[in-house]
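# Close look at the chain arrangement
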Amino acid sequence: MRADRRPLGTPAEPTFSRSALAPGLLGAIALLAGLALLDSDGYIVIRYVVSILAVIMCVFVIQAKSWWWLIGLVPIAILWNPVFVIELHGQGWVSAQFIAALVFIIVGVRTKVPVRHE
């Protein structure tokens, strides 16, 4: 059916999706929950979750051709990497948790991945 003959109230086909929104919100929740585990052994789980979600969001950012968001996501994936741990402590690391949560939310909301029609 042509677009101009579509009945009123019929929604148009979406041209994009916000695929990065769910991993962004989950990453922000994990970072904020990780503040309670910051000096314990359980923090390694937070490192895994945050690093994996940052890499997943990098894939969505690349699909959306929004390369500039990689400036915020790649350092998050590196700093929270559980395999090659970079030991950071103190108030700077707590601030980094909040900044990374903010980056996750902003990138998740702003990234529009084009929908492929096959």
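Summarised in this report is the structure supplied together with it. Just so it is clear, the structure is predicted and the values come from calculations on it, not from any experiment.

Backbone geometry places Lys65, a non-glycine residue, at a positive phi of 60°. You can see Lys65 is positioned in the loop between helix 2 (43-63) and helix 3 (70-79).

Okay, the nonpolar core next. Ranked by size, the top nonpolar core spans 28 residues in total, and within it Leu31, Val50, Leu73, Ile76, Trp80 and Phe104 carry the most contacts. Mapped onto this core, the elements with two or more residues apiece are helix 1 (21-34), helix 2, helix 3 and helix 4 (91-110). With 9 residues, the top contributor of residues to this core is helix 2. Here Ile76 is in contact with Val50, Ala54, Ala100, Val103 and Phe104, once residues within four sequence places are set aside.

Approximately 200 Å³ is the volume found for the largest pocket. In terms of lining residues, the largest pocket is bounded by 13 residues, among which Leu38, Tyr43, Arg47, Glu87 and His89 are the most central. For the lining of the largest pocket, the secondary structure elements donating two or more residues are helix 2 and helix 4. It is helix 2 that contributes the most residues to the lining of the largest pocket, 3 residues altogether.

One way to put it is that helix 1 packs onto helix 2 with a least axis distance of 9 Å and a crossing angle of 155°. Taken together, helix 1 and helix 2 sit at an angle that is classed as roughly antiparallel. Crossing angle aside, the handedness with which helix 1 passes helix 2 is left-handed. In this structure, helix 1 contributes Pro23, Gly24, Leu26, Gly27, Ala30, Leu31 and Gly34 to the contact, and helix 2 contributes Tyr43, Ile46, Val49, Val50, Leu53, Ile56, Met57 and Phe60. The residue inventory of the contact of helix 1 with helix 2, partitioned by class, reads 12 nonpolar, 3 polar and no charged.

Calculation notes
- Residues numbered from 1 in each chain as written.
- Predicted model: local features only at pLDDT ≥ 70, side-chain atom pairs only at ≥ 80, totals over all residues.
- Heavy atoms only, no water.
- Helix = DSSP H or I, 4+ residues; strand = E, 2+ residues; numbered from the N terminus.
- Core = buried A, V, L, I, M, F, W, Y, C linked by side-chain atoms within 4.5 Å.
- Buried < 20%, exposed > 50% of the residue type's maximum accessible area, 1.4 Å probe, protein only.
- Contact = heavy atoms within 4.5 Å.
- 1 Å grid on protein atoms, 1.4 Å probe; cavity = no way out; pocket = protein on both sides within 12 Å on 5 of 7 lines; lining within 4 Å.
- Points joined across faces, edges and corners; volume = space filled by probe spheres on them.
- Axes fitted to C-alpha atoms, helices over the stretch in contact; angles between N-to-C directions.
- Parallel < 35°, antiparallel > 145°, perpendicular 65-115°, else oblique.
- Left-handed = near helix turned anticlockwise from the far one by under 90°.
- Nonpolar A, V, L, I, M, F, W, Y, C, P; charged D, E, K, R; others polar.

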